[in-house]
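Below are the chains, spelled out letter by letter.
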Amino acid sequence: GPAGPPPCQRDEFVASVGASGGALCAPPCDASFGCPADVPTGATASPQCQVQDGDGNLYCALTCPRGEACPAGARCVPVGFTRFC
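On a predicted model such as this, the values are computed, not experimentally measured, just so you know. (Residues numbered from 1 in each chain as written. Predicted model: local features only at pLDDT ≥ 70, side-chain atom pairs only at ≥ 80, totals over all residues. Heavy atoms only, no water.)

J.: For the side chain of Thr63, give the residues involved together with the corresponding values.
T.: Take Thr63: it is sitting in strand β4 (residues 58-63). Those residues in contact with Thr63 that sit more than four places away from it in its chain are Ala45, Ser46, Gln48, Gln50, Thr82, Arg83 and Phe84. (Helix = DSSP H or I, 4+ residues; strand = E, 2+ residues; numbered from the N terminus. Contact = heavy atoms within 4.5 Å.)

Following this line, the structure appears as structure tokens:
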């Protein structure tokens, strides 16, 4: 899937979510900065290529800029100018 809670798949980046203490599994963006389109059932948040690691690699995470629904067990948290599930 596009993002979810740890434990993560081998190719996913474990990203901390701001000061919330939360974390998410972020799969890598594709060559055109695209993300997997599949989202967990009931979620309306959209996967976006918005997470960068210390080496400059880009990863996908579910974003909820206008209060879109996050997957069960996740909540929408502001980090800078973006809101992540």
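Back to the text.
J.: Quick one: what's the story with unusual backbone geometry, residue by residue and with numbers?
T.: Unusually for a residue other than glycine, Phe33 sits at a positive phi of about 65 degrees. Of note, Phe33 is situated in the loop between β2 (22-26) and β3 (46-52).

J.: Break down the state of the cysteines for me, citing the residues and quoting the values.
T.: A full pass over the atoms with the stated rule returns five disulfides. Disulfide pairing places Cys64 opposite Cys76 at an S-S distance of 1.9 Å. Judged by the sign of its S-S torsion, about 105 degrees, the cystine formed by Cys64 and Cys76 is right-handed. Linking Cys64 in the loop between β4 and β5 (77-79) with Cys76 in the loop between β4 and β5, this pair joins segments that are twelve residues apart in sequence. What pairs with Cys70 in a disulfide is Cys85, and their sulfur atoms sit 2.1 Å apart. Disulfide Cys70-Cys85: torsion about the S-S bond near -80 degrees, hence left-handed. With Cys70 in the loop between β4 and β5 and Cys85 in the segment after β6 (82-84), this residue pair connects regions lying 15 residues apart in the sequence. (Disulfide = S-S within 2.5 Å.)

J.: Just give me the short version of the pattern of salt bridges, but keep the residues and values in it.
T.: Taken as a whole, this structure holds one salt bridge when the rule is applied. A salt bridge links Glu68 to Arg66; its shortest N-O distance comes to 3.6 Å. (Salt bridge = Lys/Arg side-chain N within 4 Å of Asp/Glu carboxyl O.)

J.: How would you explain the side chain of Glu68 if you had to name every residue and give the values?
T.: For Glu68, the location among the structural elements is in the loop between β4 and β5. The buried category is assigned to Glu68, whose relative accessible area is 19%. At a separation of 2.9 Å, a polar atom in the side chain of Glu68 contacts the main-chain amide nitrogen of Arg66. Apart from the residues lying within four places of it in its own chain, the contact partners of Glu68 are Thr44 and Ala45. (Buried < 20%, exposed > 50% of the residue type's maximum accessible area, 1.4 Å probe, protein only. Polar contact = N/O pair within 3.5 Å; in protein donor to acceptor, adjacent residues only side chain to side chain.)

J.: Which residues make up the confidence of the model for the protein chain, and what values do they have?
T.: Within the protein chain, residue pLDDT values average 88, and 94% of them lie at 70 or more. Within the protein chain, β4 carries the highest mean pLDDT (95), whereas strand β1 (residues 13-17) carries the lowest (85). (pLDDT = per-residue confidence, 0-100.)

J.: Please set out the pairing of β2 residue by residue, giving values where relevant.
T.: Consecutive side chains of a regular strand alternate in pointing toward one face of the sheet and then the other. Pairing analysis gives five bridges linking β1 to β2, with the strands arranged antiparallel. Along β2, the bridge assignment pairs Phe13 with Ala26. Adjacent in sequence and paired antiparallel, β1 and β2 are bridged by four residues, among which Gly18 carries a positive phi angle near 55 degrees. (Pairing = 2+ DSSP bridges.)

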